[in-house]
Amino acid sequence: MKTKKAVTLKTLTKSSVWDIQESDVFRMLDEAAKDADFKDNIRHYTDILKSAFDIETITVDKPEVVEKYENRGYKVGVVKVSDSANEKWAVKKKPIHRVTDLTYENIRHISASQLVEVLERNFGGGWESLPQSIQDIIESGFDVSTTTLPSSRIHRPGGMYEKKTSDGYEVLEIPKGTWTEAIFVKAKPETERPKMKFDQDFSNSGNGLDDEDDPERDDELSDKDNYKNRDDDEEDDDNFDDEKISEEIYRTQLDEDPVELSDDLNIESDDEGDDNY
């Protein structure tokens, strides 16, 4: 079985931060303060911590002020924010009481029974009354199925209720008059994403280059383009109309030598006149 690595402030994420408690926050901050880059990263660390914790800086360090925070569920401690400055922080884990408190980061850090409590506390209209965005968040961490039956039949032996509960599902029952809607929830197993190994030889080319970056392919495409251009030119030559060309040439000659044509006509007229005498 693979053991989880110890979580530190440097490896903490907005998802894994939901696994730690208030005492862990002060311990991690104390350990990280020994690092040379702690001062430069304190803002980043604080942003991650604030995604799961309410953090307030106590500016008035008096016993009565500290007591008020502790009565509200905060844990109070001293944080070294720089080499020459300390601050007193009040830290409390954010509760998940409402469906609007659910996020993709924390949905896998609550149990099915806790989810049922959240659903029961927030609505009575059934699964479909939840916004689609909330349904998507819940279903990213839990298998969810529902059924609506007459209340007298919901616990029928051998029915869906019995099968689901025996399979480890938690159930929320919502009465709807003489009918009852049952919402079954069960945490999805966590799966690790497989690490992909890429071979040296790619299927597209032997040298690992993309088609667009392969110089040999560029030459091949260039040759194909040249042949295509030649074929297009030959096709254009075949499409010439000899009759149209002759007509155009004839018209051009007429336009260029109108005087000569007129003289030829006059000469022919004179010849005809001589023949009549």
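Attention here is on the structure that accompanies the text.

### Quick notes on the pairing of strand β2 (residues 75-80)
- The pairing of β2 with strand β3 (residues 86-93) spans six bridges and is classified as antiparallel. Along β3, the bridge assignment pairs V78 with K88.
- In sequence, β2 turns back onto β3 through a hairpin of five residues.

### Examining the packing of aromatic side chains
- For the structure on display, the rule yields three aromatic pairs.
- For the pair Y69 and Y74, a centre-to-centre distance of 5.4 Å together with 85° between the ring planes defines the contact as edge-to-face.
- Judged by relative accessible area, Y69 falls into the buried class, the value being 13%.
- Taken together, a centroid distance of 6.1 Å and an interplanar angle of 70° make the contact between Y161 and F184 edge-to-face. With Y161 in helix α6 (residues 160-166) and F184 in strand β6 (residues 179-187), this pair connects stretches of sequence that are 23 residues apart. Comparing Y161 with F184, the two get one shared label, buried.

### Concerning the sheet that holds β3
- The strand order across the open sheet formed by three strands is β1-β3-β2, and the pairing between neighbours is antiparallel. Two strands bound the open sheet, and with one partner strand each, they are β1 (53-57) and β2. Across this sheet, the average inter-strand angle for adjacent strands is 35°, counted without regard to direction.
- Contacts from helix α1 (residues 22-32) reach β1, β2 and β3 within the one sheet, and its direction differs from that of β2 by about 10°.
- Its contacts with the sheet put helix α2 (residues 38-50) on β1, β2 and β3, and the angle it makes with β1 is roughly 130°.

### A few points about the environment of S16
- Residue placement: S16 occurs in the segment before α1.
- Its relative accessible area of 17% is what places S16 among the buried residues.
- Separated by 36 residues in sequence, S16 and A52 have C-alpha atoms that sit 9.5 Å apart.
- Ignoring sequence-local partners within four residues, the contact set of S16 consists of T11 and H109.

### Quick notes on the pattern of salt bridges
- Following the criterion strictly, the structure yields nine salt bridges and no others.
- The shortest N-O distance in the salt bridge between D37 and K10 comes to 3.9 Å. Residue D37 is found in the loop between α1 and α2, and its partner K10 is found in the segment before α1; the two are separated by 27 residues along the sequence.
- Close ionic contact of R27 with D24 constitutes a salt bridge, the shortest N to O distance being 3.4 Å.

### Examining the packing of α1 against α2
- α2 packs onto α1 with a crossing angle of 165° between their chain directions and a minimal axis gap of 11 Å. One finds that α1 runs roughly antiparallel with respect to α2. Considering the relative orientation of α1 and α2, their crossing is right-handed. Between α1 and α2, the contacting residues are V25, L29 and A32 on the first element and F38, I42 and L49 on the second.
- Its residues assigned to classes, the contact of α1 with α2 comprises six nonpolar, no polar and no charged.

### Quick look at the sheet that holds strand β4 (residues 142-150)
- Strand order across the open sheet formed by three strands is β4-β6-β5, with antiparallel pairing between neighbours. At either margin of the open sheet sits one strand with a lone partner, and together these are β4 and β5 (170-176). The average undirected angle you get between the axes of adjacent strands in this sheet is 15°.
- Sheet topology note: the β4/β6 ladder contains nine bridges and is antiparallel. Pairing of F142 across the sheet is with A187, part of β6.

### Topic: the nonpolar core
- Among the nonpolar cores identified, the biggest contains 43 residues, and L9, V17, L29, L49 and I138 are the most heavily contacted of them.
- Of all elements in the fold, only α1, α2, β1, β3, α4 (112-122), α5 (132-141), β5 and β6 reach the threshold of two or more residues within this core.
- Ignoring sequence-local partners within four residues, the contact set of L49 consists of L9, L12, V17, I20, V25, L29 and I55.

The rules behind each value
- Residues numbered from 1 in each chain as written.
- Predicted model: local features only at pLDDT ≥ 70, side-chain atom pairs only at ≥ 80, totals over all residues.
- Heavy atoms only, no water.
- Pairing = 2+ DSSP bridges.
- Helix = DSSP H or I, 4+ residues; strand = E, 2+ residues; numbered from the N terminus.
- Phe/Tyr/Trp six-rings, centres within 6.5 Å; stacked < 30°, edge-to-face > 60°.
- Buried < 20%, exposed > 50% of the residue type's maximum accessible area, 1.4 Å probe, protein only.
- Axes fitted to C-alpha atoms, helices over the stretch in contact; angles between N-to-C directions.
- Contact = heavy atoms within 4.5 Å.
- Salt bridge = Lys/Arg side-chain N within 4 Å of Asp/Glu carboxyl O.
- Parallel < 35°, antiparallel > 145°, perpendicular 65-115°, else oblique.
- Left-handed = near helix turned anticlockwise from the far one by under 90°.
- Nonpolar A, V, L, I, M, F, W, Y, C, P; charged D, E, K, R; others polar.
- Core = buried A, V, L, I, M, F, W, Y, C linked by side-chain atoms within 4.5 Å.

By themselves, these are just geometric observations and shouldn't be taken as functional.
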